[in-house]
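# Structure at a glance
Okay, here's what each chain looks like letter by letter:
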Amino acid sequence: FFMKVVYTYHAKNKFANEKYVFDLKITKTLVQKTILNPDYENRTRGEKVTALVQIDPAHLLLVVYKRISGGIIKVITFYPIRSGGKYESKILQER
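Attention here is on the structure that accompanies the text.

So, how was this worked out
- Residues numbered from 1 in each chain as written.
- Predicted model: local features only at pLDDT ≥ 70, side-chain atom pairs only at ≥ 80, totals over all residues.
- Heavy atoms only, no water.
- Helix = DSSP H or I, 4+ residues; strand = E, 2+ residues; numbered from the N terminus.
- Buried < 20%, exposed > 50% of the residue type's maximum accessible area, 1.4 Å probe, protein only.
- Areas by Shrake-Rupley, 256 points an atom, 1.4 Å probe, with all protein chains shown as cover.
- Core = buried A, V, L, I, M, F, W, Y, C linked by side-chain atoms within 4.5 Å.
- Contact = heavy atoms within 4.5 Å.

### A few points about the overall build of the protein chain
- Of the regular secondary structure elements, the protein chain holds three helices and seven strands.
- Helices and strands appear in the protein chain in the N-to-C order β-α-β-β-α-β-β-β-β-α.
- A total of 95 residues make up the protein chain; the buried ones form 37% of that total.
- Total accessible area computed for the protein chain in this model is approximately 6,200 Å², and 50% of it derives from carbon and sulfur atoms.

Laid out in C-alpha coordinates, this is it:
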(Lines give C-alpha, C1' and ligand atoms only; values in the text may rest on other atoms or scores of the structure.)
Protein backbone atom coordinates (compact mmCIF):
# COMPACT_ATOMS: atom_id res chain seq x y z
CA PHE A 1 0.00 0.00 0.00
CA PHE A 2 1.43 3.34 -1.07
CA MET A 3 0.56 6.61 0.55
CA LYS A 4 1.96 10.03 -0.12
CA VAL A 5 2.96 11.75 3.10
CA VAL A 6 4.01 15.37 3.36
CA TYR A 7 5.27 17.11 6.47
CA THR A 8 4.67 20.60 7.77
CA TYR A 9 7.71 22.79 8.33
CA HIS A 10 7.33 22.12 12.06
CA ALA A 11 7.29 18.33 11.60
CA LYS A 12 10.31 18.39 9.26
CA ASN A 13 12.26 20.38 11.81
CA LYS A 14 11.45 17.83 14.51
CA PHE A 15 13.27 15.16 12.49
CA ALA A 16 16.31 17.42 12.24
CA ASN A 17 16.32 18.79 15.79
CA GLU A 18 14.71 16.18 18.03
CA LYS A 19 15.88 12.83 16.73
CA TYR A 20 16.37 11.47 20.20
CA VAL A 21 13.69 12.04 22.81
CA PHE A 22 13.62 9.57 25.73
CA ASP A 23 16.63 7.99 23.93
CA LEU A 24 14.33 7.05 21.03
CA LYS A 25 15.04 7.75 17.38
CA ILE A 26 11.83 8.76 15.63
CA THR A 27 11.98 8.10 11.88
CA LYS A 28 9.66 8.88 8.97
CA THR A 29 9.07 5.15 8.64
CA LEU A 30 7.88 4.94 12.25
CA VAL A 31 5.59 7.96 11.76
CA GLN A 32 4.10 6.38 8.62
CA LYS A 33 3.60 3.02 10.37
CA THR A 34 1.76 4.86 13.16
CA ILE A 35 -0.60 6.41 10.60
CA LEU A 36 -1.20 3.10 8.77
CA ASN A 37 -1.63 0.86 11.78
CA PRO A 38 -2.34 2.82 14.98
CA ASP A 39 -3.17 1.22 18.30
CA TYR A 40 -5.58 4.12 18.84
CA GLU A 41 -6.95 6.79 16.51
CA ASN A 42 -9.22 9.76 17.17
CA ARG A 43 -10.55 12.51 14.92
CA THR A 44 -10.30 15.97 16.39
CA ARG A 45 -11.69 19.30 15.31
CA GLY A 46 -10.65 20.59 11.92
CA GLU A 47 -10.36 17.10 10.39
CA LYS A 48 -7.17 16.41 12.32
CA VAL A 49 -6.47 12.84 13.36
CA THR A 50 -4.48 11.79 16.41
CA ALA A 51 -2.84 8.37 16.08
CA LEU A 52 -0.97 6.52 18.83
CA VAL A 53 1.20 3.43 18.66
CA GLN A 54 3.21 1.63 21.34
CA ILE A 55 6.88 1.85 20.34
CA ASP A 56 8.34 0.09 23.37
CA PRO A 57 7.04 -0.99 26.79
CA ALA A 58 7.50 2.50 28.23
CA HIS A 59 6.62 4.80 25.32
CA LEU A 60 4.01 5.63 22.71
CA LEU A 61 4.38 7.70 19.57
CA LEU A 62 1.68 10.30 18.99
CA VAL A 63 1.18 11.59 15.44
CA VAL A 64 -1.23 14.40 14.49
CA TYR A 65 -2.12 14.52 10.80
CA LYS A 66 -4.87 15.31 8.34
CA ARG A 67 -5.87 14.03 4.93
CA ILE A 68 -5.72 16.66 2.22
CA SER A 69 -6.81 16.63 -1.41
CA GLY A 70 -5.72 13.76 -3.59
CA GLY A 71 -5.44 11.34 -0.68
CA ILE A 72 -2.26 12.99 0.56
CA ILE A 73 -1.56 12.80 4.29
CA LYS A 74 -0.09 15.89 5.92
CA VAL A 75 1.76 15.26 9.19
CA ILE A 76 1.36 18.27 11.47
CA THR A 77 3.43 17.08 14.43
CA PHE A 78 4.59 13.98 16.27
CA TYR A 79 6.19 13.22 19.60
CA PRO A 80 6.83 10.34 21.96
CA ILE A 81 4.98 10.18 25.27
CA ARG A 82 5.39 7.93 28.30
CA SER A 83 3.04 4.96 28.57
CA GLY A 84 0.63 5.30 31.46
CA GLY A 85 1.36 9.01 31.81
CA LYS A 86 -1.12 11.82 32.24
CA TYR A 87 -1.10 12.70 28.56
CA GLU A 88 -1.94 9.16 27.45
CA SER A 89 -4.80 9.02 29.98
CA LYS A 90 -6.20 12.32 28.69
CA ILE A 91 -6.15 11.13 25.07
CA LEU A 92 -7.78 7.80 25.86
CA GLN A 93 -10.52 9.52 27.90
CA GLU A 94 -11.53 11.45 24.77
CA ARG A 95 -12.72 8.20 23.14
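### Observations regarding the nonpolar core
- Judged by nonpolar contacts, the single largest core of 18 residues is most densely connected at Val31, Ile35, Val63, Tyr65, Val75 and Phe78.
- For this core, the secondary-structure elements that each account for two or more residues are strand 1 (5–7), helix 1 (9–17), helix 2 (28–36), strand 5 (49–56), strand 6 (59–68) and strand 7 (72–82).
- What Phe78 contacts, discounting residues up to four positions off in sequence, is Ala11, Lys14, Phe15, Ile26, Val31, Leu61, Leu62 and Val63.
- Among the nonpolar cores identified, the runner-up in size contains seven residues, and Leu52, Leu62, Ile76 and Ile81 belong to it.

### Remarks on the environment of Ile26
- Along the polypeptide, Ile26 turns up in the loop between strand 3 (24–25) and helix 2.
- Residue Ile26 is classed as buried on the basis of its relative accessible area of 4%.
- Taking the C-alpha atoms as reference points, Ile26 and Phe15, 11 residues apart in sequence, are found 7.3 Å from one another.

Structural measurements only, silent on function.
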